[in-house]
Amino acid sequence: MEQRVLGPGAFAKGFRADDNSREGDSDAVVRSELEDFFENAAVPLHLVANDGTILRANRAELDMLGYTAGEYVGRSIRDFHADPAAIEDILNRLSRREDLQHYRARLRAKDGSMRWVEITSNVRAVGGRFLNTRCVTIDVTDKIKAEELLREQENRLAVTYQSAGTGIAEADAGGRLLRVNAHLCDLLGYAPKELVGRSIFDRTFPADVESDREQYRRQVAGEIKSYTLEKRFVRKDRSLVWALVTSSSVLDAEGQFRYAVRVQHDISERKAIEATLARRAEEQAALHRFTERLQHARTPADVHEPALDAIQRALGCQRASILLLNDGIMKFVAWRGLSDAYRAAVEGHSPWPADCADPQPICLGDMEKAELPEELKRTIRAEGIGAVCFVPITEGGRLLGKFMAYFDQPWDCSADQVEVARTIARQLGFGIERLKAQNAAQRLAAIVESSHDAVVSKDLNGIISTWNRGAERLFGYSAAEVIGKPITIVIPDDRLDEEPLILGRIRKGELVDHFETVRRRKDGTLVDISLTISPVRDATGRVVGASKIARDITGQKMSEAKVRDSQRHLQDLLAAIPAAIYTTDRDGKITYFNEAAVALAGRTPVIGSDEWCVTWKLFWPDGTPLPHDECPMAISLREGKPVRGYEAIAERPDGIRIPFIPYPTPMRDADGNVIGGINMLVDVSERKQAETQQRILLDELNHRVKNNMMMLKSLLSVAARTSRSLEARDVLDEASKRVAAMAAAQRVLYDTADASNFSVQPFLGAVCETAKQMFPPNVRLVCEADSIKLPNDVAMPLALIVNELLTNAVKYGLNGSAGGTVQVSITKKAEGNSLVVRDEGSGFDLNSVRATASGLRLVEGLARQIGGTFEVHRDPCRCVVTFSQAPLEIGRATGTRDD
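Residues numbered from 1 in each chain as written. Predicted model: local features only at pLDDT ≥ 70, side-chain atom pairs only at ≥ 80, totals over all residues. Heavy atoms only, no water.

Caption draft 1: Structural view of the pattern of salt bridges. Taken as a whole and assessed by the stated rule, the structure comprises 56 salt bridges. Here Glu419 and Arg426 are joined by a salt bridge, their closest N and O atoms 3.3 Å apart. A salt bridge links Arg542 to Asp538; the shortest N-O distance between them is 3.3 Å. One salt-bridge network, held together by shared partners, links Asp89, Arg93, Arg96 and Glu98. (Salt bridge = Lys/Arg side-chain N within 4 Å of Asp/Glu carboxyl O.)

Caption draft 2: Focus on the sheet that holds strand β1 (residues 45-48). Ordered by their spatial adjacency, five strands build an open sheet running β2-β1-β5-β4-β3, and the pairing between neighbours is antiparallel. Looking at strand neighbours, the two that pair on one side only are β2 (54-57) and β3 (100-108), the edges of this open sheet. Taking the axes of each pair of neighbouring strands and ignoring which way they run, one obtains an average angle of 30° across the sheet. Note: β1 against strand β5 (residues 129-139), four bridges, orientation antiparallel. Directly across from Leu45, in β5, lies its bridge partner Val136. Each of β3, β4 (114-126) and β5 is contacted by helix α5 (residues 84-95), which is oriented at about 145° to β3, the strand it contacts most. (Pairing = 2+ DSSP bridges. Helix = DSSP H or I, 4+ residues; strand = E, 2+ residues; numbered from the N terminus. Axes fitted to C-alpha atoms, helices over the stretch in contact; angles between N-to-C directions. Contact = heavy atoms within 4.5 Å.)

Caption draft 3: Just the nonpolar core, in detail. With 43 residues, the main nonpolar core has Leu798, Leu805, Leu806, Leu835, Phe870 and Val881 as its most contacted residues. Every element with two or more residues in this core is listed here: α23 (760-772), β29 (779-785), α24 (795-813), β31 (820-829), β32 (832-838), α26 (854-865), β33 (869-873) and β34 (878-883). Per element, the largest residue contribution to this core is 10 residues, and it comes from α24. Excluding residues that lie within four positions of it along the chain, Leu835 makes contacts with Leu798, Ile801, Val802, Leu805, Val824, Ser825, Ile826, Cys879, Val880, Val881 and Phe883. (Core = buried A, V, L, I, M, F, W, Y, C linked by side-chain atoms within 4.5 Å. Buried < 20%, exposed > 50% of the residue type's maximum accessible area, 1.4 Å probe, protein only.)

Caption draft 4: Structural view of the packing of α23 against α24. For the pair α23 and α24, interaxial distance at closest approach is 10 Å and the crossing angle is 40°. Classified by the angle their axes make, α23 and α24 are oblique. Two packed elements cross with a definite hand, and for α23 against α24 that hand is right-handed. Residue-level contacts link Phe763, Leu764, Val767, Cys768 and Ala771 of α23 to Ala795, Leu798, Ala799, Val802, Asn803 and Leu806 of α24. Across the contact of α23 with α24, the residue classes break down as 10 nonpolar, one polar and no charged. (Parallel < 35°, antiparallel > 145°, perpendicular 65-115°, else oblique. Left-handed = near helix turned anticlockwise from the far one by under 90°. Nonpolar A, V, L, I, M, F, W, Y, C, P; charged D, E, K, R; others polar.)

Caption draft 5: Looking closely at the sheet that holds strand β18 (residues 512-520). If you walk across this open sheet you meet the five strands as β17-β16-β20-β19-β18, and the pairing is antiparallel. Looking at which strands have only one partner, the edges of the open sheet turn out to be β17 (464-467) and β18. Strand-to-strand twist of the sheet, defined as the mean angle between neighbouring strand axes without regard to direction, takes the value 30°. Across six bridges, the pairing between strand β16 (residues 454-459) and strand β20 (residues 543-552) is antiparallel. Across the sheet, the residue bridging to Asp459 is Gly545, located in β20.

These figures capture arrangement, not role.
So, in structure tokens, the structure goes:
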């Protein structure tokens with residue numbers, strides 16, 4: 001079809017052609033006005049042919065795009081559209097005689113910019129023939145930009161709302177939540193759909209509802225525009241969270257309430273700090289009051305009663321008691337709220353031995369879960385005790401007793417509360433010891449007066465101040481005869497030079513200890529004495545005199561002579577013994593050795609220089625170097641007790657190594673103080689050779705046992721496959737699995753070098769791997785074990801227990817071949833060792849299935865055999881065997897080390 005560009009007058013002609021009933025020429029004025037209207041209209045207008053050629057465009061359209069008429073008219077409208085699909089859609093719809101209303105498109109301006117326009121267009125046709133389109137093009141670029149900016153702002157606001165680091169919600173006049181952000185959902189633990197539509201008071205702690213409800217009512221009524229309050233929310237997990245809530249009104253154009261924006265700031269941490277500070281203040285007040293009252297204590301009750309007040313006030317417990325060690329037994333000395341029956345049942349119990357060096361507080365937060373004898377549990381339950389805390393009372397490193405804090409409900413003891421309890425215990429120990437010291441001072445005065453030893457005091461000029469009855473007996477002078485006179489009255493002439501030296505040391509604050517000398521009695525006879533002279537100080541610490549204790553050592557001197565004779569006899573005896581023997585002082589310095597020690601060590605020790613052992617070098621049985629200050633003799637002297645069960649290797653200077661067993665034993669004086677040690681080294685070279693041969697025989701035996709077990713398993717498996725009885729096949733199959741588990745355990749025992757203990761990790765891996773071979777391939781076993789050693793006697797029962805529980809888990813917990821995961825672990829717990837088998841099933845009640853489940857009865861029997869207990873838990877299913885077996889304590893004798 002031929003198209004042509006329309007010239008001036010075409011617009012008016014077009015209007016005339018639309019109405020075929022009008023014929024003839026129109027008035028020239030009308031044509032002129034129409035022409036002027038098209039050309040100078042304020043909105044862009046253009047005419048387009050049916051092939052898309054621009055037939056005419058007015059000035060507004062050319063100005064909008066920046067083109068001249070020659071650059072625009074006569075070209076295809078497609079050249080100016082930025083989106084080909086859009087212009088094709090426009091032309092196609094117009095070719096179908098469809099009208100376009102506000103069709104949005106993009107046009108290219110001459111300067112390269114894009115103009116958003118809304119096109120309103122229809123078709124002019126004559127006699128069904130398409131003549132051209134009439135298009136009104138409205139520039140909406142600024143409107144589009146404004147809309148995009150508004151959308152961006154709305155999106156940014158929505159992101160800000162959702163990403164805000166505080167909880168935000170919108171609520172209507174009825175208090176129903178209209179909108180919540182993610183932070184509020186996280187704060188309360190609910191999904192948005194669980195909150196929207198619910199009342200703002202639904203998740204509020206009941207005690208805080210009325211205050212919030214009243215203020216919200218006033219806000220909705222317009223009495224207030226906003227309010228702030230602190231309240232608690234109940235989270236989905238039932239825990240509480242404190243929040244600072246600010247509720248602000250959003251009003252409509254008439255100033256009426258539309259909705260409220262509520263901002264929730266989590267202040268739980270601040271509230272916890274405030275509670276902690278309040279608790280600390282109460283604790284400090286209790287400790288201050290306790291300390292103050294201790295200063296005025298004169299009787300035990302003056303110490304015990306303030307202590308009970310402090311315990312209850314600082315720890316918040318309902319009841320308390322104090323028990324002190326008396327002849328090694330814990331006995332009640334003060335209590336509150338405890339029945340006679342309870343005290344009788346628990347008196348004497350102590351969680352720490354009497355000689356414990358560093359006892360620690362013990363808190364049992366839930367007595368129903370505590371591992372206690374059932375009889376004791378019944379007593380505690382009858383007393384209504386929910387939780388208890390044992391706190392040791394010590395002074396100077398000694399255990400004096402304990403105090404007990406009782407709670408009616410289960411109680412979680414924090415580290416800070418434990419520290420407060422320890423502080424109370426320290427103050428209580430100080431008060432007890434201070435009271436003892438006061439009583440001791442009174443007793444000391446009586447002891448000095450009645451002492452058999454002579455106790456004398458003098459000033460720095462040597463003038464006698466006090467003289468006890470022991471001095472009267474020793475020197476023959478009465479107190480009246482010597483007080484006020486110089487001490488030289490009892491010093492022989494040839495010993496007078498000792499007194500200035502003694503007074504000089506006393507003036508320096510030195511102690512003169514066990515100074516042996518001779519003094520003269522009133523009758524002129526001489527007596528051997530031992531003097532201990534101590535400085536006497538005033539309140540400022542200044543030395544003002546001396547306290548002297550004189551003891552008659554005449555009999556001691558005679559005894560010492562006898563001891564010297566005895567020591568010579570002992571040395572002769574030790575020299576005759578064929579084993580290596582040596583002695584040390586309390587610091588480990590060698591003081592004696594016999595010839596057998598020289599022969600074993602291959603060297604001559606240096607007395608007074610060599611320490612701990614006569615050997616040149618020491619090793620543990622595994623070849624690890626053994627420092628001399630860590631050898632058994634050093635341990636024996638440090639701990640003050642004999643050391644047995646160790647084995648070591650001595651290397652001589654010539655390189656020869658000799659295995660030996662030491663027998664170090666402390667030597668004590670008459671007062672029980674360690675003054676040195678004696679050690680005998682027994683050469684065990686021949687025994688080690690015998691042990692090596694024994695190990696070879698044992699390995700051979702283990703190998704044969706393993707082979708026999710595997711043969712037995714094979715026979716059982718063959719019998720199961722060939723048996724025609726289903727029941728017999730099941731029995732034989734179970735027996736085969738049990739033998740396989742025992743064989744796996746035996747293999748681990750066979751492979752270990754330790755003849756008495758085995759490691760749990762390879763043991764559990766071997767048993768699980770053996771069991772897994774008999775399970776469906778879609779069953780996954782996860783095995784975990786701590787680094788634990790157990791005695792070999794436990795291996796077979798434990799292997800059978802693991803096999804039975806795994807078989808039960810796969811058969812019932814995973815529904816046979818349904819597939820899934822079974823977890824098995826052996827871990828070290830405070831109460832002992834714990835074997836746990838978990839599956840994905842819902843579990844079972846042990847009591848209801850015990851009668852029909854022979855495998856579980858077997859597990860219970862085997863658990864008792866190793867001294868353990870068997871329990872079953874649900875959701876998910878967990879079978880737990882708890883036992884307290886420990887490795888055989890053979891120490892260094894087999895080269896094991898607890899580094």
